[in-house]
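Residue-level listing of the chains:
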Amino acid sequence: MVAHLTPDQQALLPDDHDVAFYEAHGFYVTPVIVPDHILDQALQGVERFYAGDRDAPFPGPPGAAEPGWTRDDGDVLRKNDYASLQVRELFELVAYPMIAAVAARLGRTTLIRLWHDQLLYKPIDRPDRPANVGWHTDRQYWRTCTADRMLTAWVPFHDVDEATGPLTFLDGSHRWSDPSSELDFFNHDLEALERRLREDGHRVVKRAATLRRGQVSFHHCRTVHGSGPNRGTVPRRAIALHLQTGDNRHQPAVDADGAAVEHPNDRLCRRVDGVPDYTDPELFPVLWEEPVPAEPTPATRRPSW
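Described below are features of the structure shown in this document. Treat the numbers as computed from the prediction; the structure is a model and nothing was measured.

## A closer look at the overall build of the protein
Thought 1: Helices and strands together make up the secondary structure of the protein, namely seven helices and 13 strands.
Thought 2: Relative to the globule expectation of 19 Å for 305 residues, the C-alpha radius of gyration of the protein, 20 Å, shows essentially globular dimensions.
Thought 3: Here the protein holds 305 residues, and 51% of them are scored as buried.
Thought 4: Surface accessibility of the protein: about 14,800 Å² in total, with carbon and sulfur atoms responsible for 51%.
Thought 5: Between the mean site of the 34 positive side-chain charges and the mean site of the 46 negative ones, the protein shows a separation of 2 Å.

Right, dumping it as structure tokens:
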């Protein structure tokens, strides 16, 4: 969407210093940019989603099984993709223009599309129920994407402090040439992989994204990140918005064994000449497009001479 920010909103966008910090460290935390009423409304949508109440069906072929957490799984770590395409209140949060406008500034692009969202829920820690999110990069799961400046916005629904298992980044890891083949979202042993990364010669410096409600953290698609146990008093709830820069397109990719790589989006989006179309507006709506400057009025138009 083409959106125009108010002067107060424009003042909250990253400046050149902030963009330089993001490019050096691989992450950035905003001031409070999402108002309470948007988050309150989205939380209502979260409850509707978990209860099975949808405004639109899962964006897959008829009869396709929806991946992710179900009520039969119980009180465990939850991850549900594409929730914003099914529940109106969640899409209104995803489409809140300040979020994508910040992403455009950090990614040095004039257009941001949704790649997909992940609704996240981390239960209170119990010894018999690990709920760590393992060290990983988003890029390792997006090998069919041509763009290398894609990024993720992580939006909590409440304050997040050290006790609740905040999203944590490895400072500067987006610049590592070969972090590790063992990176995995579902590998709960964070300490073992930290040791492996150090053995491989990487400088492991952890930066926890403690956030007030309304703040948003952003990270580069190659930044290594994860999170530890929730030792707070309530579940940690958030939504991750994976975002495409305007130049992203599909590219073939193969695993080490030569097998073709496919992202779930490849099965859901339209195809053009047999190739997944990452500009399909049904699956990848435009969330931000830099407004075209207004045509100058005659009084301020530069003379033709």
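## So, helix α2 (residues 16-25)
Thought 1: If you check which residues of α2 are buried, you get D18, V19 and Y22. Angularly, the buried residues of α2 cover 100° about the axis, an arc narrow enough to put them on a single face. More than 90 degrees from the buried face of α2, the exposed residues found are D16 and H17.
Thought 2: The opening residue of α2, the one whose side-chain oxygen lies 3.1 Å from the backbone nitrogen of H17, is D15.

## A word on the packing of aromatic side chains
Thought 1: The full count for this structure, using the stated rule, is eleven aromatic pairs.
Thought 2: Note on F49 and Y50: the rings are 6.0 Å apart at their centroids and 65° apart in plane angle, and the pair reads as edge-to-face.
Thought 3: Using a relative accessible area of 9% as the deciding quantity, one classes Y50 as buried.
Thought 4: Note on W115 and W142: the rings are 6.4 Å apart at their centroids and 70° apart in plane angle, and the pair reads as edge-to-face. Note that W115 is positioned in strand β3 (residues 111-122) and W142 in the loop between β4 (133-136) and β5 (151-156), a separation of 27 residues in sequence. Exposure class is identical for W115 and W142. Each is buried.

## Concerning unusual backbone geometry
Excluding glycine, residues mostly carry a negative phi; peptide bonds, for their part, are mostly trans.
Thought 1: The phi dihedral of Y82 is positive, around 70°, even though this residue is not glycine.
Thought 2: Tracing the chain through its elements places Y82 in the loop between β2 (78-81) and α4 (88-94).

## Quick notes on the nonpolar core
Thought 1: Counting 59 residues, the largest nonpolar core has L93 and F157 as its most contacted members.
Thought 2: For this core, the secondary-structure elements that each account for two or more residues are α2, α3 (36-50), α4, α5 (97-107), β3, β5, β10 (236-245) and β13 (286-289).
Thought 3: When sequence neighbours within four positions are dropped, the list of residues in contact with F157 reads L39, A42, L43, V46, L90, L93, L119, R213, R237, A238 and I239.
Thought 4: Residues F27, L120, V160 and A209 belong to the second largest nonpolar core, which totals ten residues.

## Focus on the sheet that holds strand β6 (residues 168-170)
Thought 1: Strand order in the open sheet formed by four strands is β4-β9-β6-β7, and the pairing between neighbours is antiparallel. Edge strands, defined here as strands with exactly one partner in the open sheet, are β4 and β7 (206-208). Along the sheet, successive strands turn relative to each other by an average axial angle of 25°, direction set aside.
Thought 2: Two elements, β6 and β7, share three bridges in a ladder whose sense is antiparallel. Bridge pairing links T168 to A208 in β7.
Thought 3: Against the sheet, helix α6 (residues 190-199) makes contact with β4, β6, β7 and β9 (225-227), and its axis sits at roughly 15° relative to β4, the strand it touches most.

## Things to note about the side chain of S217
Thought 1: With respect to the helices and strands, the residue S217 is situated in strand β8 (residues 217-220).
Thought 2: The buried category is assigned to S217, whose relative accessible area is 0%.
Thought 3: Setting aside anything within four residues of it in sequence, one finds S217 in contact with Y28, V29, T152, A153, W154, L167, F169, A209 and L211.

## Re α6
Thought 1: All of the buried residues in α6 are L190, L193, E194 and L197. The buried residues of α6 occupy one face: seen down the axis, they fall within an arc of 105°. Within α6, the exposed residues directed more than 90 degrees away from the buried face are E191 and E199.
Thought 2: On its buried side, α6 packs onto β4, β6, β7 and β9.
Thought 3: Following α6 by one or two positions, G201 adopts a phi angle in the positive range, close to 95°.

## A closer look at the pattern of salt bridges
Note that side chains of opposite charge can pair when their charged atoms are close.
Thought 1: Per the stated rule, a full pass over the model turns up 22 salt bridges.
Thought 2: R48 is the partner of E89 in a salt bridge, and the nearest nitrogen-oxygen pair spans 2.7 Å. Within this pair, whereas E89 is found in helix α4, its partner R48 is found in helix α3, the two being separated by 41 residues in sequence. Taken individually, E89 and R48 each receive the classification buried, so the pair is uniform in this respect.
Thought 3: Here R149 makes a salt bridge to D247, at a shortest N to O gap of 3.3 Å. Of the two residues, R149 is situated in the loop between β4 and β5 and D247 in the loop between β10 and α7 (264-268); the sequence distance between them amounts to 98 residues.
Thought 4: Relative accessible area serves as the criterion here: at 32%, R149 is assigned to the partly exposed category.

Here is what the cut-offs are and how they apply
- Within every chain, residues take consecutive numbers counted from 1 along the sequence as written.
- Side-chain atom pairs in this predicted model are given and counted only at pLDDT of 80 or more, local residue features only at pLDDT of at least 70, and totals for whole chains, interfaces and linings cover all residues.
- Processing note: side-chain calculations cover all non-hydrogen atoms of the structure and skip hydrogens and water entirely.
- Working definition: helices are DSSP H or I runs of at least four residues, strands are E runs of at least two. Numbering for both runs from the N terminus.
- The reference for a compact globule is 2.2 Å times residues^0.38; the radius of gyration itself is calculated from the C-alpha atoms.
- Each residue is placed in one exposure class: buried if its accessible area under a 1.4 Å probe, protein chains only, is under 20% of its type's maximum, exposed if it is over 50%, and partly exposed if it falls in between.
- Where accessible areas are quoted, they stem from the Shrake-Rupley method and a 1.4 Å probe; at the residue level, only the protein chains shown are allowed to cover.
- Under the counting rule used here, the positive set is Lys and Arg, the negative set is Asp and Glu, and His together with the chain ends is not counted.
- Lys charges are placed at NZ, Arg charges at CZ, Asp charges at CG and Glu charges at CD.
- Directions pointing from the helix axis toward each C-beta atom define the arc.
- Polar contact criterion, stated in full: a pair of N or O atoms within 3.5 Å, where within protein one must be able to donate a hydrogen and the other to accept it, and residues adjacent in sequence count only if both atoms are side-chain atoms.
- Between the rings of Phe, Tyr and Trp (Trp by its six-membered ring), a pair exists once the centres lie within 6.5 Å; its type follows the angle of the planes, with under 30 degrees stacked, over 60 edge-to-face, and the other angles tilted.
- By convention a nonpolar core is built from buried Ala, Val, Leu, Ile, Met, Phe, Trp, Tyr and Cys residues, the set being connected through side-chain atoms within 4.5 Å.
- Whether two residues are in contact is decided by their heavy atoms: any pair within 4.5 Å suffices.
- DSSP calls a pair of strands paired once it identifies at least 2 bridges connecting them.
- What counts as an axis is a line fitted to C-alpha atoms, over the stretch in contact for a helix, and the angles between N-to-C directions run from 0 to 180 degrees.
- Salt-bridge detection follows one rule: a side-chain nitrogen of Lys or Arg within 4 Å of a carboxyl oxygen of Asp or Glu.

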